[in-house]
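# An overview of the molecular structure
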Amino acid sequence: MVREQFKALTRLVPVLYCVVIIVTLILVGTFHRAAPLILVVICPLAVLFVVATRLVYWIRARSRLDEMSQAEIEQQMKLVGIIGPALSLAFTIMGLVLLQYGNQSEQVLAIISIWIIAAASGLCLYVLPWASIMVVIAAAIPTVLGLMLTGHGIISHLAPVFAVISGLIVFLLLEMHKTFARIVSSRLDLDISRTEAEAAREAATLLANTDPLTGLANRRVFDARIARYGKLHDGRPEAFLLMMLDLDGFKPINDAHGHQIGDAMLRQVANRLAASVGERGIVARMGGDEFAVLADGKFSNTEALALAGQLRKVFEAPFAHDSISAMLDVSIGIAAYEGHGDPSRLIEHADTALYHAKTSSRGTTAFFTGDLERKAMYRAEVEQGLREGIGKHAFDMHYQPIVDTGSGKITGFEALARWTHPTLGVVPPGVFIPIAEQLGLMEQLTEVLLRKAAAEAARWPQDLHLSFNLSADQLIRPSAGLRILGILAEAGLSPRRFEAEVTETAIMRDIDKARETLDNLRAAGVLIALDDFGTGYSSFGHLRDLSIDKLKIDKTFIDDICGDIRAANIVSGIVMMSNSINMTCTAEGIENAEQLELVTSMGCEGAQGYLIARPMSAEAALQMISASRAVTKAA
Ligand code: C2E
Ligand code: CA
Ligand code: CA
């Protein structure tokens, strides 16, 4: 309110002073011959001096209103309350004294001058009610008294008129001030509600744009910023770099120590990343344990890698909270926008690079490349095809014979999944099985595949067994064993003719659950074969604990067996060891006679590979069985 009053005064007081100057000059001009020097030179000069000084002050005050302190303003207002009435009184006395020196019309002019000054002062100071009333009173009382004392007929009659008009002016001033106060107070109310609304809007924007846990920008802001780059033609950076970060090792901490510790670790990661990036870019939390960094500008591959390296350094020191200290690692996917193409696809590209970094090995950095994009597109099509294909039974089984090395007779077939995608063509199982696992589709897929294979194997002679690959997913699923046995029963295939192939990597995903599944299967008579032996953990302890019946020696050892003495010794060692603990061995990937001869001489019981036969259709397998039986009979 005080500031508003002062602001109004900065506009009105200069006007008042201008009026005072003009009226003073008129009075001096009128009375300069008749009145004494003190009245027409010294007093007016004193008045003009005070007025001019104050005028300069008020004009200056107007331009520096915002810088003025509350104390200064209040002090100036007090000064107005003193100087105003004092000047009014001084001017009135000067006017009244001058009355003695003029003729009648000059006297009227002096009275009008007093009147003008009194009215102008009152009006111009109306925002300060007491000051304005005081200036009117300071003019009215001496004037009324002075006029009465003159004894001039007409002039003394003006005294009551002056008194009434002065009273009226005071009344008017009070009314004007009330209106002023009302306007100011409603404007202040309006200002307050506007400020409150703005603060609420700011708080809402902040809430919508920041991640509440870490205080970093959230995914919304990040996506919006990149989308804006996509829409902007002018004003978007020529080039920018996007990095997607995914923590490695966060989930176990969260699971083991609870969300509170997990949250504290995430906050530390956020703080360290933000400090490391500094002014060079923005860091956002994209959700969970995923972060992103956006840096404007052109980065060479080396510079981008250097930045990634710097972010990696953040993870070199352990993250500690309460008494818990943990090491975390990070995988980083980098995508750079270099002025062409669609910038809004950068998030997708950086995600693709991140995915590649994570799947190739944990804690690595990968750049987005056209090749990765093709891979990502291929993968996306495989994913889509898998989802659609399972319901339509688009999968088929092929069968590769396993022979007894001693007799050369077929002992069984390994069932191998086959899938021909409508547009991609043949997709190898080494590609679609891991993707189906990641998508959680393996249980469904296995049911489809196992039903087919078991139904087919049920048509084979009783002495032939079916080898079937079980993925990690199935091994650790509760009651997986019973489910498999159920399918075998439906197909009419005895569990004794069924061989489950499992890898050590799959078992190690959850050894206790895997053991339960394998025990259930074994109890029903199923044989357990350890697949790809030599490529995984190859722990002999597991062989004993898990009661494995058979080892399948991985193709990579067989490949080198003829040329590399070490590979040959390893295979020979594996065979001897397995025989000593009552396990049999099958050599995978036999491609030539020399290999077959060598593994046979080492005592390896089974052999499988392109030399014997490639995986074949169910009909071809049946034909092969009958052909081999015919040969045996003929013999
Ligand atoms: P695996 O279980 O080690 O299967 C043997 C793989 O080696 C098969 O590849 C087979 O075709 C190939 N192979 C056999 N002999 C030779 C040879 O002499 N030379 C060469 N170069 N390769 C040979 P395939 O059919 O591509 O299967 C690859 C992998 O996919 C399998 O490896 C297995 O891990 C997985 N897989 C296949 N079918 C299924 C299935 O129904 N379920 C599960 N869970 N996994 C499956
Ligand atoms: Ca296998
Ligand atoms: Ca294998």
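Everything discussed here concerns the structure shown above.
The structure contained in this document is the topic of the report that follows. (Residues numbered from 1 in each chain as written. Chains lettered and ligands numbered in written order. Predicted model: local features only at pLDDT ≥ 70, side-chain atom pairs only at ≥ 80, totals over all residues. Heavy atoms only, no water.)

### Thoughts on helix 14 (residues 442-457)
Rule in force here: Where helices and strands are cited, they refer to DSSP runs of H or I of at least four residues and of E of at least two residues respectively, numbered from the N terminus. Helix span, expected: 1.5 Å multiplied by one less than the number of residues in the helix. Burial classification: accessible surface area is computed with a 1.4 Å probe over protein chains only, and a residue below 20% of its type maximum counts as buried, one above 50% as exposed, and the rest as partly exposed.
When the terminal C-alpha atoms of helix 14 are compared, their 21 Å separation across 16 residues agrees well with the 22 Å that a helix rising 1.5 Å per residue should span. Considered for burial, the residues of helix 14 that qualify are M442, L445, T446, E447, V448, L449, L450, A453, A454, E456 and A457.

### Remarks on the coordination of the calcium ion (ligand 2)
Heads up, the condition is: The donor definition counts N, O and S atoms within 2.8 Å of each metal and applies 3.2 Å to Na, K and Ca; water is not among these atoms, so some sites may look incomplete.
Every protein donor of the calcium ion (ligand 2) is listed here as E414 (OE), N469 (OD1), E501 (OE) and D531 (OD), and their distances to the metal cover 2.1 to 2.3 Å. All donor residues of the calcium ion (ligand 2) come from one chain, and their arrangement in sequence is E-x54-N-x31-E-x29-D. The metal-metal distance between the calcium ion (ligand 2) and the calcium ion (ligand 3) is 3.9 Å, with D531 coordinating both. You can see E414 sitting in strand 10 (residues 410-421) and its partner N469 sitting in strand 12 (residues 465-469), a full 55 residues away along the chain. Assessed through its relative accessible area of 27%, N469 is described here as partly exposed.

### Quick notes on the packing of helix 8 (residues 250-257) against helix 9 (residues 259-277)
Note the following rule: Lines are fitted to the C-alpha atoms to define the axes, a helix being fitted only along its stretch in contact, and any angle between axes, read from their N-to-C directions, falls within 0 to 180 degrees. Here, residues are in contact when the closest pair of their heavy atoms is within 4.5 Å. Here the nonpolar group is Ala, Val, Leu, Ile, Met, Phe, Trp, Tyr, Cys and Pro; Asp, Glu, Lys and Arg are the charged ones; every other residue, Gly included, is treated as polar.
Remark: helix 8 packs on helix 9, axes separated minimally by 6 Å, with the N-to-C direction vectors making an angle of 145 degrees. In this structure, helix 8 contributes F250, I253, N254 and H257 to the contact, and helix 9 contributes H259, I261, G262, M265 and L266. Residues belonging to the contact of helix 8 with helix 9 are distributed by class as follows: 5 nonpolar, 4 polar and no charged.

### Side note on the site of ligand 1
Our working rule: Nearness is defined per residue: one heavy atom within 4 Å of the molecule or strand is enough. Pairing of N or O atoms within 3.5 Å defines a polar contact, subject to two protein rules: one partner must be a possible hydrogen donor and the other a possible acceptor, and residues neighboring in sequence count only if both atoms are side-chain atoms. Surface accessibility follows the Shrake-Rupley procedure with a 1.4 Å probe radius. Residue values consider only the protein chains on display as shielding.
Neighbouring ligand 1 are 23 residues; A417, R418, D531, E591 and Y610 lie closest to it. Here a nitrogen atom of ligand 1 and a backbone polar atom of A417 are 3.0 Å apart. A distance of 3.0 Å separates an oxygen atom of ligand 1 from a polar atom in the side chain of R418. In isolation ligand 1 exposes 790 Å². Once the protein is present, 80% of that is buried. In terms of residue count, strand 10 provides more of the shell around ligand 1 than any other element does, 4 residues in total. For the shell around ligand 1, the per-class residue count stands at 10 nonpolar, 6 polar and 7 charged.

### Looking at the packing of helix 12 (residues 370-392) against helix 13 (residues 429-438)
The cut-off we apply is this: Any angle that is under 35 degrees is reported as roughly parallel, and any over 145 degrees as roughly antiparallel; angles of 65 to 115 degrees are reported as roughly perpendicular and all others as oblique. What makes a crossing left-handed is the near helix being turned counterclockwise from the far one by less than a right angle; a clockwise turn instead makes it right-handed.
Running from amino to carboxyl end, helix 12 crosses helix 13 at an angle of 70 degrees, the nearest separation of the two axes being 10 Å. Viewed along their axes, helix 12 and helix 13 adopt a mutual orientation that is roughly perpendicular. Our pair here, helix 12 against helix 13, has a crossing hand that is right-handed. Residues Y378, R379, V382, E383 and L386 of helix 12 touch helix 13, and the partners they reach there are V431, F432, I435, A436 and Q438. Classifying every residue of the contact of helix 12 with helix 13 gives 7 nonpolar, 1 polar and 2 charged.

### Some points on the pattern of salt bridges
The condition that has to hold: In what follows, salt bridge is the name for a side-chain nitrogen of Lys or Arg lying within 4 Å of a carboxyl oxygen of Asp or Glu.
Inspection of every chain in the model, using the stated rule, returns 36 salt bridges. In this structure, D211 and R285 form a salt bridge, with 3.0 Å as the shortest nitrogen-oxygen distance. One end of the pair, D211, is in the loop between helix 6 (153-209) and strand 1 (217-218); the other, R285, is in strand 3 (residues 282-287), and 74 residues separate them in sequence. R285 shares its class with D211; the two are buried. Residue R451 is joined to E490 by a salt bridge in which the shortest nitrogen-to-oxygen separation is 3.3 Å. Of this pair, R451 sits in helix 14 while E490 sits in helix 16 (residues 480-491); the two residues are 39 residues apart in sequence, bridging distant segments of the chain. Connected through salt bridges with shared partners, the residues E437, E443, D473, R477 and R509 form a single ionic network.

### As for the environment of Q608
Inspection of the secondary structure puts Q608 in the loop between strand 17 (606-607) and helix 23 (618-634). Excluding residues within four positions of it along the chain, Q608 makes contact with Q400, P401, I402, E414, K552, T586, A587, E588, G589 and I590. There is a polar contact of 2.8 Å between the side chain of Q608 and the side chain of K552.

### Some words on the side chain of R285
On the basis of relative accessibility, which here comes to 13%, the residue R285 falls in the buried class. Setting aside chain neighbours within four positions, we find R285 in contact with D211, L213, T214, L216, A217, N218, R219, L266, E290 and F291.

### Describing the pairing of strand 14 (residues 527-533)
The condition that has to hold: Two strands form a pair only when DSSP identifies at least two bridges running between them.
Most of strand 14 is tucked away: 5 of the 7 residues are buried. Alignment of strand 13 (residues 498-503) against strand 14, held across 5 bridges, turns out to be parallel. The partner of T503 across the bridge, within strand 14, is D531.

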